Amino acid sequence: MLIILVLVFCLMRMVPGNPMYTIQADANLTEEEMFILQEKYGLNGTIFDQFWAYIKRVAVGDWGTSYFNGKAVFENIFARMEPTILITLLSTVITLILGVPIGMYCATHHNSKLDLVLSSTSMLFTIVPSFCFGVGLLYVFAFKLQWFPLYGYQYIEKVGLLESLRHVFLPSLAIGLSGMAGYARHTRSQMLDVLNSDYIRTARAKGLADRAVYYRHALRNVLSYMITMVSGTITVNLGGATVLEKVFNIPGVGLLSYSSLFGKDYPQEQAILIFFAAIFVFTNIFLDIIYKVLDPRIELD
Amino acid sequence: MMENKEKVLSVKDLNLWFDGDFSSPQILNNVNFEVYKGETLGIAGESGCGKSVTSLSVLRLLKTPPARIQGTIEFQGENLLELPMSKMQKIRGNKIAMIFQEPMTSLNPLFKVGYQLEEVFRLHQGLSKEEAKKKAIEMLDAVRIPLPEQRAKEFPFQLSGGMRQRVMIAMALSCRPELLVADEPTTALDVTIQAQVLDLMRNLQKEFGTAIMFITHDLGVIREICDRVVIMYCGEIVETAKVEELFANPCHPYTNGLLSTLPQSGVKDRLPTIPGMVPPAGKFPSGCVFSPRCEHACEQCIANKPELYDVGNGHSVRCFRYQNTEVK
Amino acid sequence: MENISLGKKIRVFIKHNGRLIVGATLVLAMILMAVFAPLLTQYDPNATDIRNRYQTPSAEHIMGTDGSGNDLWAQVVYGARASLLIAFASQIATMIVGAMLGLICGFYPKVDMVIMRILEAINSLPSILLIFVLGMVFGNSYFNLILTLVIAGMGGPTRYIRAQVMSLRQKEFVEREVAMGASTPRIMFMHVLPQCSSYLLVTLGSGLSSKIMSLASMSFLGVGLPSGVPNWGTLISAGQVQLMLYPYLVFYPMIALAITNFGFSMLGDGLRDLLDPKTH
């Protein structure tokens, strides 16, 4: 019974963000793109036929081949997704482990001097796009201090995880810092909300010390709110990764997307978009499961 | 008589302000009262009269600032207002416990009911997890919750409002406190559940010998459960007496007004109301606080503030009409 | 209460609305800079002066010159024009489109189904990538750029206003209007829209700031604005090539970007504090 509920819930969640829709949306884009191509390559058939053919091919697992190197599009993506995934994960972790504690601190020391300082400094990170940080970090830490490599990426297989992380650390930090402020701010306001709630008053009336009130009773409630934000953050960070790959010249999916767009490699670009949408869907399923663990009410709501 | 009984709590000259940008309205003005061992003191008044604030200041649950408190709240020979927070935390939930108005939101939605009860035992009695669990189930049983073992494993959202209020009561009484502060514990409940909860509180009081400070706006409830009653209006005590005395011989015009609004069986007329409204905080009248709404008000009432005059039999009232009453 | 001096009232207003004041001042300064760009510099942002390339900041060129000898200050000042123009235009368009879609979704369930699915599909992609792809597909022009930013940004307001409509439809005063036979458009514009206006106003600041960011990211990647239009993102992108030797080429446009965004977010926060009673 429970499993069915979980499954149905996940399915409901999957339907809206389903790659099918994305294909359709993309196909709308490609209708005109395809048309240009058709003329160029002398292909026949209406747009709808083309679309239908594409769907049929996709249905049997053929996503097309890259115009650029003739390989299957997903082969290209899988070959280059390692740095992108690594940047996305690392930046999300940075966002979370910096943002949530800062927000907690600011809320529990509401209106103190450090609250003001932290709130406003973390805001400074939101006023320039992450690629600007990327450029700044590149200049200071990679060029001036030479703590990190300037450009490029080395695969984990070749140099080990640590060395690979060294290559993606600066872009991840840039993205992570941009996202951090949002988390700090939301955590702070959620925490303040929670601290004003009746059940926190009950916890205090029980005689619990502040520490237990904050980190046992309040944090759990705050986290269950925050988890709903994570999926958005992962998507944003994924987007950030694609831009910072350009800054740091890291050959990930972002650069692939960049080159295939400028090179008009449409099957490749479609596949990339679908790939990102799929990541979004899987992240959401994963987060739903975490959310359910954190908040027992979800099943019945 | 009361005088022989031991005082549990005595509140002396309690004044309270809320600091704002433009003004700092005074919410409580020289509130004095005592709670004796084993008795139930009712505190009654309309919304905004300061009764909840009084109860919250006893446990020091108000945020300071914006609240600013003066006076003394004496409990077991110590002034609670001057205790360091760590000592206060040892008293809360242990010697003084509190139940709140909103059972729906007063329990943490993400923790099991049993766990929230266990916490009290582990905190104040240093019990192990297993012992605390046993105790928690015992307490749930004591507040007449059926299938306590099972309920303990449930989350608050799976319980009804009455159930949750029982859990709150169980939590409050876990450490057999000297004093239970109940802030409108029955207001949010259905009438039948209300009766059950009141009944339960009465029985548990007999069993545990706890003194109760019962805050409510419902004089009917006061009559049911309380021994003595304090009527508050605009942050001041306007009348205090034993329950039977108050209902038999209400003196203050405000008390009279409140009593006349109680429905009585057999009377089919429209319920009378007290004319006018409670003034908002910061706009309390300077003389007798009730004078703008009082039918007996004279110039003296508007100009000067009356004292609490003793009219005998433990009954005192803040009204000039009783200024010269001889104490019998 | 009545005898509080005007001075104190003003002091308290400043204390509570400091951000609003700072934000409004900065935004106003930026707008003035964009409008009076020709008065602030004697250089043409697109004039090349090969003899004076890579001049470090000096009295003559206060921010130095770039690889083709262009005065950087002139480019930054003129860059404000494109950035602010696009930001305001696309944000207002986003709000209008979002409000319309939200109202339509709230009142017509069938259309709602379709639009919500499309929005969810849009939402499942990183917005920066979406903007990039759309910008690429549409080609570089002011109108297409605004269209791109609207498509990427309309999800938020649409969803909010849709939710507002859904809840307002349950309210008595709307039901009364329906009972009185008011037409759907009348209810939409006369009753529901005014209720959403404070949300739209409050999101103005953050919306503008996100538009500026998106625009900068787009031009950094080389899509969006027609070539030759001075713009901060393009400046940063061009400057990055010479980052090691001439870091100031990147630094100044970033500062301009940062100040503008800071102004917008302060303005947004200030408006929220002012209009949202919950934060008091």
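Every value quoted in this text rests on a predicted model; they were computed, and no experiment measured them.

(A) Seen up close, the sheet that holds strand β1 (residues 7-18) of chain B. All names here are of chain B. Strand order in the open sheet formed by four strands is β2-β1-β4-β5, and the pairing between neighbours is antiparallel. Whereas interior strands pair on both sides, the edge strands pair on one side only; in this sheet they are β2 (26-36) and β5 (78-79). Summarising the sheet, β1 and β2 pair through seven bridges and their orientation is antiparallel. From the neighbouring strand, Leu-16 faces β2, where its bridge partner is Leu-28. Helix α1 (residues 51-58) rests against β1, β2 and β4 (67-75) of the sheet, and its axis sits at about 115° to β1.

(B) Looking closely at the packing of helix α3 (residues 72-107) of chain C against helix α9 (residues 184-221) of chain C. All names here are of chain C. Viewed as axis vectors pointing N to C, α3 and α9 meet at an angle of 145°, and their least axial separation amounts to 8 Å. The two elements α3 and α9 cross, and the hand of that crossing is right-handed. Mapping the contact onto sequence places Ser-83, Ile-86, Ala-87, Phe-88, Ser-90, Gln-91, Thr-94, Met-95, Ala-99, Leu-103 and Phe-107 in α3 and Thr-184, Met-188, Val-192, Leu-193, Cys-196, Leu-200, Leu-204, Gly-207, Leu-208, Lys-211, Ile-212 and Leu-215 in α9. Residues belonging to the contact of α3 with α9 are distributed by class as follows: 16 nonpolar, six polar and one charged.

(C) Focus on the environment of Leu-117 of chain B. All names here are of chain B. Residue position: Leu-117 is located in helix α3 (residues 113-124). Considered as a pair, Leu-117 and His-296 are 179 residues apart in the sequence and their alpha carbons are 51 Å apart. Non-local contacts of Leu-117, meaning those with residues more than four positions away in its chain, are made with Ala-136, Met-139, Ala-170, Met-171 and Ser-174.

(D) Broad picture of the confidence of the model for chain A. Residue and element names in this part refer to chain A. Per-residue confidence for chain A gives a mean pLDDT of 74, with 74% of residues at or over 70. Of all secondary-structure elements in chain A, the lowest mean pLDDT belongs to helix α1 (residues 2-17), at 35, while helix α4 (residues 73-108) reaches the highest, 86. Here residues 1-27 scores under 50 on pLDDT; set against residues more than four positions off or in separate chains, the count is 35 contacts. For residues 37-47, every residue scores under 50 in pLDDT, and the model assigns this stretch seven contacts once sequence neighbours within four places are set aside.

(E) Fine view of the interface of chain C and chain A. Each side of the interface is counted separately: chain C has 29 residues, and chain A has 35 residues. Taken together, the elements giving at least two residues each to the side of chain C that touches chain A come down to α4 (109-123), α5 (127-138), α9, α10 (232-241) and α11 (248-275) of chain C. The biggest single contributor to the side of chain C that touches chain A is α11 of chain C, with seven residues. When its residues are assigned to classes, the side of chain C that touches chain A shows 21 nonpolar, six polar and two charged.

(F) Up close: the nonpolar core. The biggest cluster of nonpolar side chains holds 216 residues, and the ones touching the most others in it are Phe-276 of chain A together with Met-213 of chain B. Here this core takes 14 residues from helix α7 (residues 156-195) of chain A, the largest share from any one element. Residues contacting Phe-276 of chain A, with those up to four places away along its chain left out, are Leu-238 of chain A together with Leu-125, Pro-126 and Leu-129 of chain C. Residues Ala-99, Ile-161, Ile-187 and Met-188 of chain C belong to the second largest nonpolar core, which totals nine residues.

(G) View of the sheet that holds strand β12 (residues 315-317) of chain B. All names here are of chain B. The sheet built from eight strands is open, its strands ordered β6-β7-β8-β3-β9-β10-β12-β11 with mixed pairing. The open sheet has two edge strands, β6 (96-99) and β11 (309-312), and neither has a second partner. Averaged over neighbouring strand pairs, the angle between their axes works out to 20° when direction is ignored. Pairing of β11 with β12, which is carried by three bridges, proceeds in the antiparallel orientation. Bridge pairing links Gly-312 to His-315 in β12.

Rules behind the numbers
- Residue indices begin from 1 for each chain and proceed along its sequence in written order.
- In the order they appear in the text, chains get letters beginning with A and ligands get numbers beginning with 1.
- Under the rules for a predicted model, residues below a pLDDT of 70 receive no local features and side-chain atom pairs below 80 are neither given nor counted, while totals for whole chains, interfaces and linings still include all residues.
- In this description, strands pair whenever DSSP reports at least two bridges between them.
- Secondary structure elements follow DSSP: runs of H or I of four or more residues count as helices, runs of E of two or more count as strands, with numbering from the N terminus.
- Think of it this way: build a C-beta for each residue from its backbone, and any pair within 7 Å is a contact.
- Where helices are involved, their axes are fitted lines through C-alpha atoms of the stretch in contact, as for all axes, and angles between N-to-C directions lie from 0 to 180°.
- Crossings are assigned a handedness: left-handed for a near helix turned anticlockwise from the far helix by less than a right angle, right-handed for a clockwise turn.
- Each residue gets one label: Ala, Val, Leu, Ile, Met, Phe, Trp, Tyr, Cys and Pro are nonpolar, Asp, Glu, Lys and Arg are charged, and the others, such as Gly, are polar.
- What pLDDT reports is the predictor's confidence in each residue, on a scale of 0 through 100.
- One nonpolar core equals one set of buried Ala, Val, Leu, Ile, Met, Phe, Trp, Tyr and Cys residues connected by C-beta atoms within 7 Å.
- Burial is judged by counting the other C-beta atoms within 10 Å of a residue's own C-beta: 20 or more makes it buried, 12 or fewer makes it exposed, and any count in between marks it as partly exposed, with every C-beta position built from the backbone.

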